[in-house]
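Here are the chains, one letter per residue:
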Amino acid sequence: MSATPSRRMVAVVLLIPVVVTIALWAFVWPAARIAPRHLPVGIAGSAPAADRLQQQFERHGDAFEVHRYGGEAAARTAIENRVVYGAVVIAPEGPHLLTASAASPVVAQLLRDAVTAQAPTGSQVPVTDVVAAPARDPRGSALGASILPLAIAGVAGGSAVTMLKLRGGRAAAALIGVAALVGIAATALTDSWLGVVTGNWWAEAGALGLTVLAIGATVAGFAALIGPPGIGLGALVMVLLGNPFSGVTSAPELLPRPVGTIGQLLPPGAGGSLLRSVAFFDGSAAGGAALTLTVWVALGLTAVLAGGRRRAPATVPAPGTPEPAPVG
């Protein structure tokens, strides 16, 4: 029996505030609790000065995860390989801070503040940006803003495939085609025109397209398994959770636990990390994010193909129903 208009009205009145509350919690709570949590940083130099600096970092509890290096060259390599976000080099003339604003402008500023606070009063700590953010996007705003449109594109692709009743191989081909074209168009916009990503052009297109495909395949897969409500479930996971939990505008290690970890296991967060790696770090540390996206793609397309094998049962005429007269 279908719901009465009164029941539908009550459902709308109750459901929308619940959705808005979830959205506010997902977006506002992580942003209001940004702080370092096991943030990887390096210290380069010999004891005892390096030991004293490490003890100063450790006074912050679990805020920092300290890696020790023998010299500045090793610390630079660790930053370029995305092992640490920055490093303090202990030199005879004083400490020297290495950062990577391309990895996270927020973390780079946080490290500047932390090291300056620990330095003797009145002293200046020189800072070298080893992997700098693009001049056209020094604060990383454009990169951070790119994840939500990708999530929307993926949800739109998965929804369109479902609403147009594409099944099996046609649905999979449509999802792949949408993702490929979005990846190319988005790279043309962000790299060729705006210049806010500066890596290998096709690697960036692949990262963007793989992110859209992972989201779109998941949404279509949910819909293939449970019907149209799967579109809402997919949108909830990818947009209301995946986007704010991605850590792209700050860093996963700055989000409350386990939000940062969960975000990197969802396509928006993995896509943001993959794009950052291929755009600024020559693909360093891209493997984990690429694997995460590939798993989501595989699971989503498997569900889409499995759903395509299901066929509506043939209609059997009721007993006593006269057969239609032959034509001609």
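Calculation rules
- Residues numbered from 1 in each chain as written.
- Predicted model: local features only at pLDDT ≥ 70, side-chain atom pairs only at ≥ 80, totals over all residues.
- Heavy atoms only, no water.
- Helix = DSSP H or I, 4+ residues; strand = E, 2+ residues; numbered from the N terminus.
- Contact = heavy atoms within 4.5 Å.
- Pairing = 2+ DSSP bridges.
- Expected span 1.5 Å × (residues − 1).
- Buried < 20%, exposed > 50% of the residue type's maximum accessible area, 1.4 Å probe, protein only.
- Axes fitted to C-alpha atoms, helices over the stretch in contact; angles between N-to-C directions.
- Phe/Tyr/Trp six-rings, centres within 6.5 Å; stacked < 30°, edge-to-face > 60°.
- Lys NZ or Arg CZ within 6 Å of the ring centre and 35° of its normal.
- Salt bridge = Lys/Arg side-chain N within 4 Å of Asp/Glu carboxyl O.

> Kindly report on the environment of R33, identifying the contributing residues and their values.
Within the secondary structure, R33 sits in the loop between helix 1 (5-32) and strand 1 (39-44). Along the sequence, R33 and L255 sit 222 residues apart, while their C-alpha atoms lie 6.7 Å from each other. In contact with R33, other than residues within four places in its own chain, are L254 and P256.

> Please provide a residue-by-residue account of the pairing of strand 3 (residues 87-91), values included.
Across three bridges, the pairing between strand 1 and strand 3 is parallel. Following the sheet pairing, G42 is matched in strand 3 by A87.

> Describe helix 11 (residues 267-280), listing the residues and the values that go with them.
An ideal rise of 1.5 Å per residue puts 20 Å on 14 residues; helix 11 measures up with 20 Å between its terminal C-alpha atoms. A large share of helix 11 lies buried, amounting to 14 of its 14 residues. Positive phi shows up at D282, right after helix 11, with a value of about 55 degrees.

> Now, about the sheet that holds strand 1: what can you tell me, with residues and values included?
A sheet is described by the order of its strands in space; here five strands give the open sequence 2-1-3-4-5, paired in mixed fashion. Sheet topology places strand 2 (64-69) and strand 5 (127-129) at the edges, where each strand pairs with a single neighbour. Averaged over all neighbouring strand pairs, the angle between strand axes comes to 25 degrees, with direction disregarded. As paired strands, strand 4 (residues 94-99) and strand 5 are joined by three bridges and run parallel to one another. Bridge pairing links T99 to D129 in strand 5. Set on the sheet, helix 2 (residues 49-58) makes contact with strand 1, strand 2 and strand 3; between it and strand 2 the angle comes to about 170 degrees. Across the face of the sheet, helix 3 (residues 72-80) comes into contact with strand 1, strand 2, strand 3, strand 4 and strand 5 while running at roughly 25 degrees to strand 4.

> Any chance you could break down unusual backbone geometry for me, citing the residues and the numbers?
Between A47 and the following residue, P48, the backbone shows a cis peptide bond with an omega angle of 0 degrees. Assignment of secondary structure puts P48 in the loop between strand 1 and helix 2. Residue P258 follows R257 across a cis peptide bond; omega there is 0 degrees. Within the secondary structure layout, P258 lies in the loop between helix 9 (229-242) and helix 10 (259-265). Phi at D282 is positive, roughly 55 degrees, even though this residue is not glycine. Structurally, D282 is set in the loop between helix 11 and helix 12 (287-308).

> Any details on the environment of D129? Residues and values, ideally.
The topology assignment puts D129 in strand 5. For D129, a relative accessible area of 29% puts it in the partly exposed group. Along the primary structure D129 and L97 are separated by 32 residues, whereas in three dimensions their C-alpha atoms are 8.5 Å apart. Once residues within four sequence positions are removed from consideration, D129 is found in contact with T99, A100 and S101.

> Help me get a handle on the packing of aromatic side chains, residues and values and all.
Under the defined criterion, the tally for this structure stands at four aromatic pairs. Pairing F57 with F64 gives two aromatic rings, centres 5.0 Å apart and planes at 70 degrees, and the pair type is edge-to-face. The same class applies to F57 and to F64, which are both buried. In this structure, R82 packs its charged tip against the face of F281, placed 5.2 Å from the ring centre.

> Explain the pairing of strand 4 to me, using residue names and the numbers behind them.
Two elements, strand 3 and strand 4, share five bridges in a ladder whose sense is antiparallel. Directly across from V89, in strand 4, lies its bridge partner H96. Taking the residues that link successive antiparallel strands as the turn, the strand 3-strand 4 hairpin has two residues.

> Lay out the pattern of salt bridges in plain terms, naming residues and giving numbers.
Per the stated rule, a full pass over the model turns up two salt bridges. Its salt-bridge partner being E72, residue R76 comes within 3.0 Å of it at the nearest N-O pair. Of the two residues, R76 and E72 both sit in helix 3, four residues apart, roughly one turn of that helix. On the basis of relative accessibility, which here comes to 29%, the residue E72 falls in the partly exposed class.

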